[in-house]
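Spelled out from the first residue to the last, the chains are:
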Amino acid sequence: MKSKDIRYSCRHCNSEVGSIPLSSAEEIIRELQKAEEGQGERFLEYDENGSMTVRCICEQCEQSMRMNPDYYALRKWIQ
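Along every chain, residues carry numbers that run from 1 in the direction the sequence is written. Where local features are concerned, this predicted model is filtered to residues with pLDDT of at least 70; where side-chain atom pairs are given and counted, the filter is 80 or more; whole-chain, interface and lining totals use all residues. To obtain the side-chain values, all non-hydrogen atoms of the structure were included, while hydrogens and water were left out.

Asker: Just give me the short version of the nonpolar core, but keep the residues and values in it.
Answerer: One finds Ile-6, Ala-25, Ile-29, Leu-32, Leu-44, Met-52 and Val-54 forming the largest nonpolar core, which totals seven residues. To qualify as a helix, a DSSP run of H or I must reach at least 4 residues; to qualify as a strand, a run of E must reach at least 2; elements of each kind are numbered from the N terminus. For this core, the secondary-structure elements that each account for two or more residues are α1 (26-36) and β4 (52-56). Any two residues having at least one pair of non-hydrogen atoms within 4.5 Å are treated as being in contact. Once residues within four sequence positions are removed from consideration, Ile-29 is found in contact with Ile-6, Leu-22 and Met-52. Put simply, a nonpolar core is a bunch of buried Ala, Val, Leu, Ile, Met, Phe, Trp, Tyr and Cys residues held in one set by side-chain atoms that sit within 4.5 Å of each other. The classification of residues rests on relative accessible area computed with a 1.4 Å probe and restricted to protein chains. Under 20% of the type maximum is buried, over 50% is exposed, and intermediate values are partly exposed.

Asker: Got a sec to walk through the sheet that holds strand β1 (residues 5-10)? Specific residues and values, please.
Answerer: Strand order in the open sheet formed by four strands is β2-β1-β4-β3, and the pairing between neighbours is mixed. Among the strands making up the open sheet, the edge pair consists of β2 (16-21) and β3 (44-46). On average, each strand axis in the sheet is inclined to that of its neighbour by 25°, with strand direction left out of account. Strand pairing is assigned whenever DSSP detects at least two bridges linking the two strands. Two strands pair when backbone bridges link them, and β3 and β4 are joined in this way by three bridges, in the antiparallel orientation. Its bridge partner lying in β4, Leu-44 is registered against Val-54. Structural elements are reduced to axes, namely lines fitted to C-alpha atoms, with helices fitted over the stretch in contact, and the angle between N-to-C directions of any two is expressed from 0 to 180 degrees.

Asker: Tell me about the pattern of salt bridges, residues and numbers included.
Answerer: For salt bridges, the criterion is a side-chain nitrogen of Lys or Arg within 4 Å of an Asp or Glu carboxyl oxygen. Scanning the model with the defined rule gives three salt bridges in all. Where Arg-7 meets Glu-16, a salt bridge forms, and the shortest distance between an N and an O atom there is 3.3 Å. Residue class for Glu-16 comes out partly exposed when judged on its relative accessible area of 44%. Put simply, Glu-45 and Arg-55 hold a salt bridge, and the shortest N to O gap is 3.2 Å. Placement of Glu-45 in strand β3 and of Arg-55 in strand β4 is noted, with a sequence separation of ten residues between them. With a relative accessible area of 38%, Glu-45 lands in the partly exposed category.

Asker: Hey, could you go over the confidence of the model for the protein chain for me, with residue numbers and the actual values?
Answerer: Residues at a pLDDT of 70 or more form 82% of the protein chain, whose mean pLDDT is 79. Confidence scores differ between elements of the protein chain, with α1 showing the lowest mean pLDDT of 73 and helix α2 (residues 59-67) the highest of 91. Values of pLDDT, which run from 0 to 100, indicate the predictor's confidence residue by residue.

Asker: Talk me through the pairing of β4; I want residue IDs and the actual numbers.
Answerer: Counting buried residues along β4, four of its five residues qualify, which places the element largely inside the surrounding structure. As paired elements, β1 and β4 share five bridges and run parallel to each other. Bridging from a neighbouring strand, Ser-9 pairs with Arg-55 of β4.

Asker: Describe unusual backbone geometry, and please don't skip the residues or the numbers.
Answerer: For residues that are not glycine, phi is negative in most cases, and the peptide bond is trans in most cases. Not every positive phi belongs to a glycine, and Asn-14 is a case in point at roughly 70°. Within the secondary structure, Asn-14 is located in the loop between β1 and β2. In this structure Asn-14 comes out as partly exposed when scored by relative accessible area, which is 39%.

Below you can see the structure in the form of structure tokens.
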């Protein structure tokens, strides 16, 4: 991953889901920031270099959550 990419990472297992070039993502960033307003949970994280990570849910964790609905109540269920 280049430093000018936006990284997508699972908020539960921390696996990397993918990345997109920052230069092609201005509209995505605006929509994510707008969606994050008023939310108790943070979707965007920034590191000391200004790199951005979007916290999402990977397919494996989503499948586990569907099979175990109680997991939806937990912010992070993988320790």
